[in-house]
Amino acid sequence: MGGRGSRWLVGALALALVGLLVGIGVVVAGRGSTDEELTDAQQEVARAARTEALAFLTVDHTDMEPLIEAVLAGATGDFKEEYDSQRTKLTKEAIRTEATSTAEVVALGVGDLDDDSAVVLLAANSTVANKRTGSEGQVRYFRLRLDLVREGDRWLTSNVRFVR
């Protein structure tokens with residue numbers, strides 16, 4: 001599929017995702033803002049998911065350690081253990097490819113939510129630069145499902161999956 005066809009398909013998929021997010025839950029709009037009509041619990045989950053997704057999608061080959069620590073600070077369980085076990089590999093790969101990635105969340109929907117667990121679907125765009133893309137970088141479109149659990153007074157991410 002050519003450039004115009006690909007852009008149309010990506011746009012159509014993004015539009016469908018936003019429709020899905022509206023259908024399953026509440027959409028959190030804008031860069032960092034939350035809908036005033038969300039319940040306190042939904043706002044809390046939305047903030048935690050947004051923070052974790054941004055940390056997860058951010059890369060800076062010149063200083064990976066604080067970025068990895070930011071992901072781990074919002075993670076728990078198997079996800080935290082698996083991500084931590086990949087620390088060296090993630091850093092080496094970022095350095096080898098001279099990768100940077102700056103993300104923004106463009107839509108977020110809080111789906112299932114109870115007292116101790118939540119599911120969040122999230123759309124994010126990330127400007128990625130590396131040896132292959134050159135200094136200008138390329139925008140990449142990510143769609144994620146984050147599973148969160150409440151531990152004490154914090155919502156932590158127990159799983160992150162890429163979705164279509």
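Going by the structure above, here's the rest.
What counts, and where the lines are drawn
- Residues numbered from 1 in each chain as written.
- Predicted model: local features only at pLDDT ≥ 70, side-chain atom pairs only at ≥ 80, totals over all residues.
- Heavy atoms only, no water.
- Helix = DSSP H or I, 4+ residues; strand = E, 2+ residues; numbered from the N terminus.
- Buried < 20%, exposed > 50% of the residue type's maximum accessible area, 1.4 Å probe, protein only.
- Contact = heavy atoms within 4.5 Å.
- Areas by Shrake-Rupley, 256 points an atom, 1.4 Å probe, with all protein chains shown as cover.
- Phe/Tyr/Trp six-rings, centres within 6.5 Å; stacked < 30°, edge-to-face > 60°.
- Core = buried A, V, L, I, M, F, W, Y, C linked by side-chain atoms within 4.5 Å.
- Patch = residues over 30% accessible without salt bridge, like charges linked within 9 Å, V, L, I, M, F, W, Y side chains within 5 Å.
- Salt bridge = Lys/Arg side-chain N within 4 Å of Asp/Glu carboxyl O.
- Lys, Arg positive; Asp, Glu negative; His and termini not counted.
- Charge placed at Lys NZ, Arg CZ, Asp CG, Glu CD.
- Pairing = 2+ DSSP bridges.
- 1 Å grid on protein atoms, 1.4 Å probe; cavity = no way out; pocket = protein on both sides within 12 Å on 5 of 7 lines; lining within 4 Å.
- Points joined across faces, edges and corners; volume = space filled by probe spheres on them.
- Nonpolar A, V, L, I, M, F, W, Y, C, P; charged D, E, K, R; others polar.

Draft legend 1. Summary view of the overall build of the protein chain. When you go through the protein chain residue by residue, the secondary structure sums to five helices and six strands. Counting only residues that meet the buried cut, the protein chain has 36% of its 164 residues in that class. Long-range pairs, those at least 24 residues apart, make up 54% of the contacts in the protein chain between residues at least 6 apart in sequence. For the protein chain, the exposed area adds up to about 9,700 Å²; of that, 52% sits on carbon and sulfur atoms.

Draft legend 2. Geometry of the packing of aromatic side chains. One pass over the structure, following the stated rule, counts five aromatic pairs. Ring geometry for F56 and Y83: centres 6.1 Å apart, planes at 50°, overall tilted. On the criterion of sequence distance, the pair formed by F56 in helix 2 (residues 40–57) and Y83 in helix 4 (residues 77–85) is long-range, its members being 27 residues apart. Among the aromatic side chains, those forming a connected cluster through ring pairs are F56, F79, Y83, F142 and F162.

Draft legend 3. Spatial organisation of the nonpolar core. Counting residues in hydrophobic clusters, the biggest one holds 29 residues, and the most contacted among them are L108, L122, L144, L146 and L148. Of all the secondary structure elements, the ones that give two or more residues to this core are helix 2, helix 3 (65–73), helix 4, strand 3 (100–113), strand 4 (117–129), strand 5 (138–151) and strand 6 (154–162). It is helix 2 that provides the largest number of residues to this core, a total of seven residues.

Draft legend 4. Spotlight on a negative patch on the surface. On the surface, D112, D114, D115 and D116 cluster together into a patch of negative charge. Mapped onto the elements of the fold, D112 is located in strand 3. For D112, a relative accessible area of 58% corresponds to the exposed category.

Draft legend 5. Main features of the pairing of strand 3. Sheet topology note: the strand 2 (residues 59–60)/strand 3 ladder contains two bridges and is antiparallel. Each bridged residue has a counterpart across the sheet, and for V59 the counterpart in strand 3 is S101. Sheet topology note: the strand 3/strand 4 ladder contains 11 bridges and is antiparallel. Bridge assignment links A103 to a residue of strand 4, and that residue is S126. In this structure, the hairpin formed by strand 3 and strand 4 is closed by a connection of three residues.

Draft legend 6. The arrangement of the layout of surface pockets in detail. Of the volumes computed, that of the largest pocket is approximately 560 Å³. Together, 22 residues line the largest pocket, and F56, V59, L90, E93 and A99 are the ones closest to its centre. Of all the elements in the fold, those that place two or more residues in the lining of the largest pocket are helix 2, helix 4, helix 5 (87–97), strand 3, strand 4 and strand 5. In terms of residue count, the dominant contributor to the lining of the largest pocket is helix 5 (five residues). In the lining of the largest pocket, the residues fall into 11 nonpolar, seven polar and four charged.

Draft legend 7. The pairing of strand 6, seen in detail. Pairing of strand 5 with strand 6, which is carried by eight bridges, proceeds in the antiparallel orientation. Note on strand 6: the bridge partner recorded for R150 is W155. Counted between consecutive antiparallel strands, the loop separating strand 5 from strand 6 contains two residues, among which G152 sits at a positive phi close to 65°.

Draft legend 8. Seen up close, the environment of T91. Position of T91 relative to the elements: it lies in helix 5. The class of T91 is partly exposed, set by a relative accessible area of 22%. Sequence spacing of T91 and M64 is 27 residues, and the spatial spacing of their C-alpha atoms is 6.0 Å. Beyond its immediate chain neighbours, meaning those up to four positions away, T91 contacts M64 and I68.

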